[in-house]
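Given next are the chains, with one letter for each unit.
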Amino acid sequence: MKVDTQLPYDKEYITQYSERRNEPQWFRDTRLKAADLADELPMPKLEKTRIRNWNFTNFKHEVSGAQIEKYEELPEKVRVLLGEKSANDNLIIVRNNDVAYASLSKELEEQGVIFKDIFTAMSENEDLVKKYFMQEGVSVDENKLTARHAALLNSGVFLYVPKNVKVEKPIQVVFWQEDPEAALFNHVLLVADQLSEVTYVENYVSQNENEESVANIVSEVFALDGAKVSYGAVDNFEKGTTTYVNRRGTVGRDATLEWALGQMNDGNTISENITNLMGENSLCHAKAVSVGRGDQKQDFTAKIVHFGKESEGYILQHGVMKDNAASIFNGVGKIEHGASKSNAEQESRVLMLSQGSRGDANPILLIDEDDVTAGHAASVGRVDPVQLYYLMSRGISKQEAERLVIHGFLSPVVKEIPIETVQNQLREVIEGKVY
Amino acid sequence: MAGSTLEIKDLHVEIEGQEILKGVNLTIKGGEFHAVMGPNGTGKSTLASAIMGHPKYEITKGTVLLDGEDVLEMEVDERAQAGLFLAMQYPSEISGVTNSDFLRSSINARREEGDEIPLMQFIKEMDSTMDYLEIDKNMAQRYLNEGFSGGEKKRNEILQLMMLKPAIAILDEIDSGLDIDALKVVSKGINKMRNDEFGCLIITHYQRLLDYITPDKVHVMMQGRVVKSGGPELAQRLEAEGYDWIKEELGIEDETVGQNA
Ligand SMILES: Nc1ncnc2c1ncn2[C@@H]1O[C@H](COP(=O)(O)OP(=O)(O)O)[C@@H](O)[C@H]1O
Ligand SMILES: [Mg+2]
């Protein structure tokens, strides 16, 4: 395979693209600066995964998606995420990078909740977007891919929950890549203001088993002082998509951020989930599950950095590998000087179902403070034959016994996915990938 | 017809190349309760595990038949389907699988597809059996054996026994680690199973369980063999006098399987 390292999209293209969309000048400038950086910066540094031959440059950047008028227009793949006729009134469906359906309950609107396409928000909520977009969370200049992200952004959602507002029902976004070649340069910006509460769930769906494409996703989540954010995701890109997904949390004083990520892509994937616990007494649970199959290669990083005193970070990653799939699971707990009385715990476990699969768990603790607690557990192994024996001794077939053990192994994350239909869909995706 | 028959003939079993069972003969019929007794390390769990098909144990000689069918040719799940049950000395812990999902899968594994046990019926049966065994209701939703106390694990094995209603059950040290109240409850469960159809092999190295469950036959294992068999009076003599008299009678110095008589 021939691999280009330079993009087929230059600054002239970017300028025209931005003009066609009537973007504010500040954002056009951001794009152009990012385009320069994208040329200069190196690819993300991965210790143990070679990405030299991955496709990062072959894709179609500009596509469009028609408005969705009726539930019946949606393919089964999307419908299962929504349940019956979509009972959810806080929902955005992004189709080929365009918001094709959007609804927000009157009640939330009246309370000042903002939930819309990120490009619209750049004009209508300029101050907020400008303040948070690739500033304190993910920087444009972290690596080539974050710079490309800003330069070529073609999709995104902005969610803002005002001070003290507690959103009870989950807010859902489905990103549906209907065009098999469509690249997704997608940004999710979620700001939960002081003492607010929100549950957000996103799904990525594509239909490109054969066509090559790229997903470059950055999520920035801000849980301001006292806020509680629960963030669930199921990534389900098909084999043709190479994914770079970077989810970043910034957590204030007494605030909580809970991640539950179902990393179910079928293509090569780099997934980075970093949370900075800035405030005193801040808390993060970073939970992720993944299944690797075929020849796919994946590199997962879950990292929590403690800045605030008495901050608590818990990482849990469980992965199942079959066929010739290979995955690296990096777990990093970092306690900065001054973050006394903090606690950093992590658990990474990999279950291998075949001889040809590979899984590596790399637990890392970096501690610059004395008065802290920390711990890690990591394991890579096969399904325990004695467990299978126990289950089979009750009449359960070997295959069903294995199924139970695998679902059980992945359940600590699956059960945390906030929307039941999405949880069920994740179970089915797991079922489909494992068998 | 009085239930099933389990015949163990000249059974030899190795673990990691070491012979543990050296020719065990035993026949259990529906309606009968047998006790296998013996000090630690005499091969009792090996016998139970070999019959059920534990992956670590290799059968080098002998046969096990259930109603004439060759058990040793069957996969573990087929042995269960055929009517065998083993309450294990050390049940596995399985994270993420609830006790109730596990039990329902086990019951449904015995039924035809499309004829699964109705959920309400299952819940009712499980509830009433748990009540009978004085098991805390939240155990249904806890993960299978995970974090269970020793006593909870044993009760949970009996819960499975009562729900699955096998033809022949082997209970391996079901009494170990139980206080007297728990022992009574577990015995009550086992006694409830007693009928003309149901055969049971109770493995224990204490006699105290047999104060609550009266066996029809008692066998003593030493050095990987059944060295003595008798009626309930044998268990009583063992309680009163211990095992030394048997060793003397048979000229055994070390009763564990490492030694040869
Ligand atoms: N996993 C094992 N690996 C090697 N030897 C074993 C293992 N399990 C048991 N043994 C041997 O078999 C003997 C009999 O064990 P077991 O059947 O568990 O005895 P019992 O149940 O009567 O206490 C033990 O004393 C030990 O020497
Ligand atoms: Mg034993």
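Note that the coordinates shown come from a computational prediction; the quantities given were computed from them, not determined experimentally. (Residues numbered from 1 in each chain as written. Chains lettered and ligands numbered in written order. Predicted model: local features only at pLDDT ≥ 70, side-chain atom pairs only at ≥ 80, totals over all residues. Heavy atoms only, no water.)

### Quick look at helix H4 (residues 119–132) of chain B
Residues and elements named next belong to chain B. Stated precisely, the cut-off is as follows: What counts as a helix is a DSSP run of H or I of at least four residues, what counts as a strand is a run of E of at least two, and both are numbered from the N terminus. Here a helix's expected span is defined as the number of its residues, less one, multiplied by 1.5 Å. Contacts were defined at the residue level, with two residues in contact if any of their heavy atoms lie within 4.5 Å.
For H4, spanning 14 residues, the distance from its first C-alpha to its last is 20 Å, which sits close to the expected 20 Å at 1.5 Å a residue. Next to the buried residues of H4 lie helix H3 (99–109) and helix H5 (150–164). Count one or two residues on from H4 and you reach Glu134, which has phi positive near 50°.

### Focus: the interface of chain B and chain A
What counts is decided by this rule: By buried area we mean the combined loss of accessible area, with a 1.4 Å probe, across both parts when two parts are placed together. Every case where a carboxyl oxygen of Asp or Glu lies within 4 Å of a side-chain nitrogen of Lys or Arg is listed as a salt bridge. Under the rule applied, a polar contact is a pair of N or O atoms within 3.5 Å (in protein, one hydrogen donor and one hydrogen acceptor; residues adjacent in sequence only if both atoms are side-chain atoms). Gly is put with the polar residues, along with every residue not named as nonpolar or charged; the nonpolar set is Ala, Val, Leu, Ile, Met, Phe, Trp, Tyr, Cys and Pro, and the charged set is Asp, Glu, Lys and Arg.
Counting residues at the interface gives 32 residues for chain B and 20 residues for chain A. Here chain B meets chain A over a buried area of about 1,900 Å², counting both sides, of which 64% is carbon and sulfur. Area buried by chain B at its contact with chain A is led by Asp77, Met88 and Ile94 of chain B, which between them contribute 23% of it. Across the salt bridge formed by Glu157 of chain B and Arg394 of chain A, the nearest N and O atoms sit 2.6 Å from each other. Between the two partners, chain B and chain A, sit nine residue pairs in polar contact (both at pLDDT 80 or more). Mapped onto the side of chain B that touches chain A, the elements with two or more residues apiece are helix H1 (44–52), helix H2 (76–82), strand E6 (84–87), H3 and H5 of chain B. A class-by-class count of the residues in the side of chain B that touches chain A yields 17 nonpolar, eleven polar and four charged.

### Digging into the sheet that holds strand E2 (residues 98–103) of chain A
Residues and elements named next belong to chain A. Formally: Strand pairing is defined by DSSP finding a minimum of two bridges between the two strands. Interaxial angle, 0 to 180 degrees, is taken between N-to-C directions of lines fitted to C-alpha atoms, where a helix line uses only the stretch in contact.
The strand order across the open sheet built from ten strands is E2-E1-E5-E7-E9-E11-E13-E15-E17-E19, with neighbouring strands paired in mixed fashion. Single-partner strands in this sheet number two, and they are E2 and strand E19 (373–382). Pairwise comparison of adjacent strand axes, ignoring direction, gives a mean angle of 10° for this sheet. The pairing of strand E17 (residues 343–352) with E19 spans ten bridges and is parallel. Residue pairing across strands places Ser348 opposite Ala378, the latter belonging to E19. The strands that helix H9 (residues 398–414) touches are strand E11 (256–263), strand E13 (283–292), strand E15 (312–321) and E17; relative to E15, the one it contacts most, it runs at about 150°. Across the face of the sheet, helix H10 (residues 420–434) comes into contact with strand E5 (171–177), strand E7 (197–206), strand E9 (228–236), E11 and E13 while running at roughly 35° to E9.

### Observations concerning the UniProt feature "domain: SUF system FeS cluster assembly SufBD N-terminal" (unreviewed entry) in chain A
The condition that has to hold: UniProt positions are given in the numbering used here, feature names are shortened, and annotations may be inferred rather than shown by experiment.
Under the local residue numbering, the UniProt record ascribes the feature "domain: SUF system FeS cluster assembly SufBD N-terminal" (unreviewed entry) to residues 90–173 of chain A. This span, residues 90–173 of chain A, is 33% helix and 30% strand, and a straight line between its end C-alpha atoms measures 9 Å.

### Quick word on the nonpolar core
Across soluble globular proteins, nonpolar side chains show a tendency to be buried alongside one another. We apply this condition: As used in this record, nonpolar core signifies buried Ala, Val, Leu, Ile, Met, Phe, Trp, Tyr and Cys residues forming a set joined through side-chain atoms within 4.5 Å. Relative accessibility thresholds used throughout: buried, under 20% of the residue-type maximum; exposed, over 50%; partly exposed, between the two (1.4 Å probe, protein chains only).
Counting residues in hydrophobic clusters, the biggest one holds 67 residues, and the most contacted among them are Leu410 of chain A together with Leu6, Ile8, Leu11 and Leu47 of chain B. With eight residues, the top contributor of residues to this core is H9 of chain A. The contact partners of Leu6 of chain B, leaving out residues within four places of it in the chain, are Leu26, Thr27, Ile28, Ile51, Val64, Leu65, Leu66, Leu84 and Ile168 of chain B. Listed in part, the 43 residues of the second largest apolar core include Val94, Trp259, Cys284 and Ile315 of chain A.

### Concerning the coordination of the magnesium ion (ligand 2)
Put simply, the ideal angle at a metal is 109.5 degrees for four donors in tetrahedral geometry and 90 or 180 degrees for six donors in octahedral geometry. Residue and element names in this part refer to chain B. Quick note on the threshold: Because no water is among the atoms considered, metal sites can look incomplete, with donors defined as N, O and S atoms within 2.8 Å of the metal, or 3.2 Å for Na, K and Ca.
Here the magnesium ion (ligand 2) is held by the protein donor atoms Ser45 (OG) and Gln89 (OE1), which lie 2.1 to 2.3 Å from it. Linking Ser45 in helix H1 with Gln89 in the loop between E6 and H3, this pair joins segments that are 44 residues apart in sequence. On the basis of relative accessibility, which here comes to 18%, the residue Gln89 falls in the buried class.

### Focus on the side chain of Gln177 of chain A
All names here are of chain A. Relative to the assigned elements, Gln177 resides in strand E5. By relative accessible area, Gln177 is classed as buried at 2%. Reaching out from Gln177, the side chain makes a polar contact with the side chain of Asn97 at a distance of 3.3 Å.

### Quick notes on the pattern of salt bridges
Overall, the coordinates contain 39 salt bridges over all chains when judged by the stated rule. Across the salt bridge formed by Glu431 of chain A and Arg403 of chain A, the nearest N and O atoms sit 2.9 Å from each other. Taken together, the residues Glu431 of chain A in helix H10 and Arg403 of chain A in helix H9 connect sequence positions 28 residues apart. Among the ionic pairs, Arg111 of chain B bridges to Asp115 of chain B, the shortest N-O distance being 3.8 Å. By relative accessible area, which is 29% here, Arg111 of chain B ends up partly exposed. Residue class for Asp115 of chain B comes out partly exposed when judged on its relative accessible area of 40%. Residues joined in a network through salt bridges with shared partners are Arg21, Glu23 and Arg31 of chain A.

### Some thoughts on the site of ligand 1
All names here are of chain B. The condition is simple: Here a residue is considered near a molecule or strand provided that any single heavy atom belonging to it is located within 4 Å of it. Per-residue accessibility takes into account occlusion by the displayed protein chains alone, with areas from the Shrake-Rupley method and a 1.4 Å probe.
If you check the shell around ligand 1, you find 13 residues, and the closest are Gly41, Gly43, Lys44, Ser45 and Thr46. In this structure, an oxygen atom belonging to ligand 1 sits 2.8 Å away from a main-chain N or O atom of Ser45. For ligand 1, whose free accessible area comes to 560 Å², the fraction covered by protein is 69%. Per-element tally for the shell around ligand 1: the top contributor is H1, with three residues. When its residues are assigned to classes, the shell around ligand 1 shows four nonpolar, six polar and three charged.

### Quick look at the packing of helix H1 (residues 11–20) of chain A against helix H2 (residues 25–40) of chain A
Residues and elements named next belong to chain A. Convention followed: For this classification, under 35 degrees means roughly parallel, over 145 means roughly antiparallel, 65 to 115 means roughly perpendicular, and everything else is oblique. Take the far helix as your reference; a near helix turned counterclockwise from it by less than a right angle gives a left-handed crossing, and one turned clockwise gives a right-handed crossing.
Taken N-terminus to C-terminus, the directions of H1 and H2 make an angle of 160°; their axes are 10 Å apart at the nearest point. Relative to H2, the element H1 lies roughly antiparallel. The crossing of H1 and H2 is right-handed. Taking contact as the criterion, the partners of Lys11, Ile14, Thr15, Tyr17, Ser18 and Glu19 in H1 are, on H2, Arg28, Arg31, Leu32, Ala35 and Asp36.

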